[in-house]
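As a plain string of letters, each chain reads:
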Amino acid sequence: MPMLRLLGPVLLDNQPLPDERPTHLLVLLAVTPGGCTRAQAAATLWPALDAATAGRNLRKTLHRLRSDGQGGLLAAGDRLQLAVATDWAAAEAAPPEDTLELMRGPLADGLRDDAGWLGAARERALALWRRALLASLPTLESARAEVELERLRALDPHDEPLARAHLQHLHAAGRRDAFQRVRAAFARALAEDLGVAPPADLAQPPAADLALSLPPAARATGPLIGREDELAALCTALAEPGAACVLRGPGGIGKTRLAAAAAERAARDGLTVVWWRLAGVDQVADALTRLAAELGVDTVREPLLAAALAARPTLLVADNVEHLLDAGLAAHLRSLHTAAPSLRLLVTSRTAFEGLAEQRLGALDTPDPADPPGAVLRSAAVRLFVVRALAVDATLDARAHAPALGRIARAAGGHALALEMAAARVRHAAPEEIAAALEAGSADLDTFFSAMWQALPVALQPVLATVAALPTRFDRALAESAAGLAPARLDALAARSLIERDGSHWRLHPLLRLWLQAQQPLPELELRALRRRLMAHVAAVLAQRLAREAADTPAMLAWLAEEQALLDLAIQQALADADTAALDVLLLVFSMRFEVGGRWPDAAAELAAMAQAQDGQPAAARAPVQAARAVVHVRLGRWDDARALARLARGAPPRSRVVAARAMGLALWRTHDLPGALRWHRRALALAVDAGLDGMVAACRYNIAVVDADFDRLADAERGFQQAAEQARSFGSLAMQARCLVALSMCLYMQGRAAEALPLVQQARAVVERHGLGALALSVGLNEAAQLLALGELDALGARLPALRAAAAHGEAALRWMAEVFELRWHLRQGRLDAAHACARAAWAQVRRLNHPPAGPTLAAAVAELWIAEGHRERAAAWLAWALRQGALAHDERAAAQALWSALALDAAATAAAESAAASLNLEQLGAAIG
């Protein structure tokens, strides 16, 4: 039976339906229980018309449905009823979590409601969505919960229960900045839209808000014990702006907990605390991405990171840095601290950090064997053990077991992690038994881990060894599917404090994980089989998601941020096994890590390393990586390399073939081979449709429409952009929706309708800024600049130029020179000829570095306008004539150049001279003329 989807854009069997009367009729019947009579339908859809005219319109609409092959959707007669399944009916009958899965967006999103009949149904759908979300929150993954809350609250920013649920979620996740942002936005929406104040308990941050500066693991460990002197010394060392200190000590000694206490003090003193957690991060580039996310910026460029850190009094805590210092993180930390001189910097590390003041952290003090019970219980090591043990067994009588507690403290060497793990065993053994087990070895942590292993039930030993082979953080689905670990076994490990809850995931302490991998590794064959199952699990999960959403939806990007280590492990195994089917899925999502933020050089380096790892494998096995590399080389402006890599992707699985075809089309388009570009983009679309890759269709349609626009087929282009936008909405691709808004605005702009075009591109900018789509910032900014310039809005353009420069600094290489061109034109309109010259030279440097001849005509036309202002009319005329001869001049730029040529009003002799001079000009001479 066909499926009519109403929750989001209206789709019939996943194909978008147009915003026309036949669609309106289908939606009306879908949301009206039992259907309605013909007279009721006519009166509802055409309320302003008399009954006879409305009836005729209804008959025409029914005839169109039958002509389009959709007549079978209706049970006709005088009473019209829908004869198809709908997601609306399914959602009303489903349990909350299933309802949430069906909610792609507001009811009939994008459908006009001129007659007002759809409003009540939309309110019912929102209420259903709200109930499902609030009921599902306790069981949702943290990232998914936040995405769903953001989506729904954007539709109703005044809903107090939703706002409270959102704030509670952020508080539990330790998202302090997001907590403050959401609370402030809720208060502002109430004040500005309704003229009311927020509830008193939401008007000001609660005292507990200070704890949101701390990572969840640090906040969960209870009071700081035995480190009072060290805390005082650390706070003194960080008291002044610009202070920097490294807290150094062996693993598990308590560095993170002490740093968290210092951070809490700093928060109480009014500082903003940025907690940069680096455990489990293997690459410096990924570390910088994590810092950018903590700061809420969409770039990893150091000047912008430093500016964010310097914006207010801040303490940056870089936790667990030792494994990245030699890889380059030390240089980045020093650079950030230099660029933000007021920044307070606290680093925790097991190794030395040259150039920073150092505070060593050692073991907690332990009691002497001869100490009386009172002295034993006052020692820091015993106090820590007792606090942790009482959390496990509240009946523990510490004074009665004081001698054994002293023995435990000494045997553990005052090591915080060893004491905490020993305390977890009081559920299964008396303190005297724990002490005896620990005394069997020395006091180092390795020996403690060994004793812990020996004390573990034999049935749980292989479970723990298997957990150590998984990523440091893992969810239950992965543990069950890939590792075959039953929930009861995980619960048994958690009961012994060997693994701990981390939001919706489990977490194994990194030090214990390293010890297990070294001392109790899985057999090689078993490890390889586990990693293959892990790879298959991840690929299957992503394939299911890509069937219903694009690779760049907020939910998918949130998954990528949460599961980056898991994805990397899966890709490594797929490369080793030459599993092209898995790589076909994994690399599409992997690329989003760089696509959204515009980190093309990092992507090129990582993909080159993957290609090197595949040396010796058949060409077909290497095809998915080569396809992914082709796209990255397009973004870097290396078009010849991109075409060569795309050709190497022959024989790739479906997704990679679509990616390679698009890369070939983009490379040809950038070098102004429009027929070739159109041929390859149409091939990409055909491949996507044939393979049922609906999530990739929008991008293919968009690329075709861009080429249609360059051919001046504006009606075709506008229709293509609208189709791409509908497809992007149905799959949740925010980036493609923003691209389509920009493209539609350009269609209007190219028709001389800049005033209508500007709101669309500004709407696209809002999407880019709200969702951190840094890779699109430059493209959106350039289009906005073009339209502001066409409208003569020079003040508005001047206000946008700093953001355009920032976007150009890390945007797509092929577009950076255009930012200089628009700034040149802005200075020229202001009469600042020297500044315009500087922009011309900067633009030429970009074009030359890029080796991009198609940019020459646009730059020549812009510089010609400058030369005219300086009185060099002959030079300007010659270069304008040269520019107008070039096929690479875009439609709007050609119109502007033609207008400039007409404004020169040359006589016949001057025209002939300019045409003659133009015949001998070339791109290198343009550089010489610019100077």
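Our subject in this report is the structure included herewith. Nothing here was measured: the structure is a model prediction, and the numbers come from that model. (Residues numbered from 1 in each chain as written. Predicted model: local features only at pLDDT ≥ 70, side-chain atom pairs only at ≥ 80, totals over all residues. Heavy atoms only, no water.)

So, the overall build of the chain
A tally of helices and strands in the chain yields 48 helices and 15 strands. Computed over the C-alpha atoms, the radius of gyration of the chain is 32 Å, within 12% of the 30 Å expected from 2.2 N^0.38 for a compact globule of 931 residues. The principal-axis extent of the C-alpha atoms belonging to the chain is close to 110 × 80 × 65 Å. When burial is assessed residue by residue, the chain has 52% of its 931 residues classed as buried. Considering only residue pairs separated by 6 or more positions, the chain has 69% of its internal contacts joining residues 24 or more positions apart. Across the chain, the centroid of the 97 positively charged side chains sits 2 Å from that of the 101 negatively charged ones. (Helix = DSSP H or I, 4+ residues; strand = E, 2+ residues; numbered from the N terminus. Rg over C-alpha atoms; globule rule 2.2 N^0.38 Å. Buried < 20%, exposed > 50% of the residue type's maximum accessible area, 1.4 Å probe, protein only. Contact = heavy atoms within 4.5 Å. Lys, Arg positive; Asp, Glu negative; His and termini not counted. Charge placed at Lys NZ, Arg CZ, Asp CG, Glu CD.)

Some thoughts on the side chain of D286
Relative to the helices and strands, D286 resides in helix α14 (residues 284–295). Take D286: its relative accessible area is 7%, and that puts it in the buried class. Among the polar contacts listed, one links the side chain of D286 to the side chain of Q564, at a separation of 2.9 Å. (Polar contact = N/O pair within 3.5 Å; in protein donor to acceptor, adjacent residues only side chain to side chain.)

Focus: a positive patch on the surface
On the surface, R647, R650, R679 and R683 cluster together into a patch of positive charge. Here R683 is to be found in helix α35 (residues 674–690). By relative accessible area, which is 40% here, R683 ends up partly exposed. (Patch = residues over 30% accessible without salt bridge, like charges linked within 9 Å, V, L, I, M, F, W, Y side chains within 5 Å. Areas by Shrake-Rupley, 256 points an atom, 1.4 Å probe, with all protein chains shown as cover. Salt bridge = Lys/Arg side-chain N within 4 Å of Asp/Glu carboxyl O.)

A closer look at the packing of aromatic side chains
Considering all chains together, one arrives at three aromatic pairs under this definition. Ring centres of Y702 and F721 lie 5.6 Å apart, and the angle between their planes is 50 degrees; on these two criteria the pair is classed as tilted. In this pair, Y702 sits in helix α36 (residues 694–710) while F721 sits in helix α37 (residues 714–731), placing the two residues 19 residues apart along the sequence. With centroids separated by 5.2 Å and ring planes inclined at 75 degrees, the aromatic side chains of W879 and W882 adopt a geometry described as edge-to-face. Within this pair, W879 and its partner W882 are both found in helix α45 (residues 873–885), separated by three residues, close to a single helical turn. The burial state of W879 is the same as that of W882; both residues are buried. (Phe/Tyr/Trp six-rings, centres within 6.5 Å; stacked < 30°, edge-to-face > 60°.)

Considering the nonpolar core
Ranked by size, the top nonpolar core spans 224 residues in total, and within it F449, L567 and L586 carry the most contacts. With 14 residues, helix α38 (residues 734–750) is the single largest residue contributor to this core. Excluding its chain neighbours within four sequence positions, the residues that come into contact with F449 are L417, M421, L511, L512 and W515. Judged by nonpolar contacts, the second largest core, of 45 residues, contains L4, L25, A30 and L65. (Core = buried A, V, L, I, M, F, W, Y, C linked by side-chain atoms within 4.5 Å.)

Digging into the sheet that holds strand β3 (residues 15–16)
Reading across the sheet, the four strands line up as β3-β2-β1-β7 and stay open at both edges, with mixed pairing between neighbours. Since the sheet does not close on itself, it has two edges, and those belong to β3 and β7 (85–86), each with one partner. Bridge count between strand β2 (residues 11–12) and β3: two bridges; the pairing is antiparallel. Within the sheet, the bridge partner assigned to L11 lies in β3 and is P16. (Pairing = 2+ DSSP bridges.)

Concerning unusual backbone geometry
Most peptide bonds take the trans configuration, and most residues that are not glycine carry a negative phi. The phi dihedral of N320 is positive, around 65 degrees, even though this residue is not glycine. Mapped onto the secondary structure, N320 falls in the loop between β10 (314–319) and α16 (325–339). We classify N320 as buried; its relative accessible area is 19%. Positive phi, close to 65 degrees, is recorded for H672, a residue that is not glycine. Locating H672 in the fold gives a position in the loop between α34 (654–670) and α35. H672 gets classed as partly exposed once you look at its relative accessible area, which sits at 27%.

A closer look at the packing of helix α27 (residues 524–546) against helix α29 (residues 564–577)
In the contact formed by α27 and α29, the axes pass within 9 Å of each other and the chain directions differ by 115 degrees. Accordingly, the angle class assigned to the pair α27 and α29 is roughly perpendicular. Crossing of α27 over α29 shows left-handed handedness. Facing R528, R531, R532, L534, M535, V538 and L542 of α27, the residues of α29 in contact are L566, L567, L569, A570, Q573, A574 and D577. Split into classes, the residues belonging to the contact of α27 with α29 amount to nine nonpolar, one polar and four charged. (Axes fitted to C-alpha atoms, helices over the stretch in contact; angles between N-to-C directions. Parallel < 35°, antiparallel > 145°, perpendicular 65-115°, else oblique. Left-handed = near helix turned anticlockwise from the far one by under 90°. Nonpolar A, V, L, I, M, F, W, Y, C, P; charged D, E, K, R; others polar.)

Considering the pairing of β10
Regular strands place their side chains on alternate faces of the sheet. The buried fraction of β10 is high, at six of six residues. Burial along β10 is two-sided: the face carrying T314, L316 and A318 and the face carrying L315, V317 and D319 are both buried. Here β10 runs beside strand β11 (residues 344–349); their pairing, made up of four bridges, is parallel. The residue of β11 that forms the bridge with V317 is L346. The parallel pair β10 and β11, bridged by α16, forms a crossover whose chirality is right-handed. (Right-handed = clockwise from strand over helix to strand, strands pointing away.)

Focus: helix α43 (residues 833–850)
Over its 18 residues, α43 extends 26 Å from the first C-alpha to the last, a length consistent with the 26 Å expected when each residue adds 1.5 Å. The set of residues buried in α43 consists of A836, H837, C839, A840, A843, W844, V847 and L850. Buried residues of α43 fall within an arc of 160 degrees about the axis and therefore sit on the same side. In this structure, α43 carries D834, R848 and R849 as exposed residues pointing more than 90 degrees from its buried face. Taken together, the buried residues of α43 touch α33 (639–647), α42 (816–829), α44 (855–870) and α48 (923–930). A positive backbone phi angle near 55 degrees is found at N851, which sits one or two residues after α43. (Expected span 1.5 Å × (residues − 1). Arc of directions from axis to C-beta.)

Some words on the side chain of Q614
Relative to the helices and strands, Q614 is located in the loop between α31 (600–613) and α32 (619–635). Q614 sits in the buried class, given a relative accessible area of 0%. Excluding anything up to four places from it in sequence, Q614 contacts L575, L583, A621, R622 and V625.

Some words on the sheet that holds strand β8 (residues 244–248)
Taken in spatial order, the five strands line up as β9-β10-β11-β8-β12 in an open sheet, and their pairing is parallel. At either end of the open sheet lies a strand with only one pairing partner, and these are β9 (272–277) and β12 (357–360). Sheet twist, expressed as the average angle between the axes of neighbouring strands with direction ignored, equals 20 degrees. Those strands touched by α14 are β9 and β10, and its axis lies near 150 degrees from that of β9. Lying over the sheet, α16 contacts β8, β9, β10 and β11, oriented at roughly 165 degrees with respect to β11.

Here's the deal with helix α28 (residues 554–562)
The set of residues buried in α28 consists of A555, M556, A558, W559 and L560. Where α28 is buried, its residues meet α7 (142–155), α27, α29 and α30 (580–595).

Some words on the environment of S745
Position of S745 among the secondary structure elements: in helix α38. Spatially, the C-alpha atom of S745 lies 31 Å from that of D68, the residues being 677 residues apart in sequence. At a separation of 3.2 Å, a polar atom in the side chain of S745 contacts the side chain of Q787.

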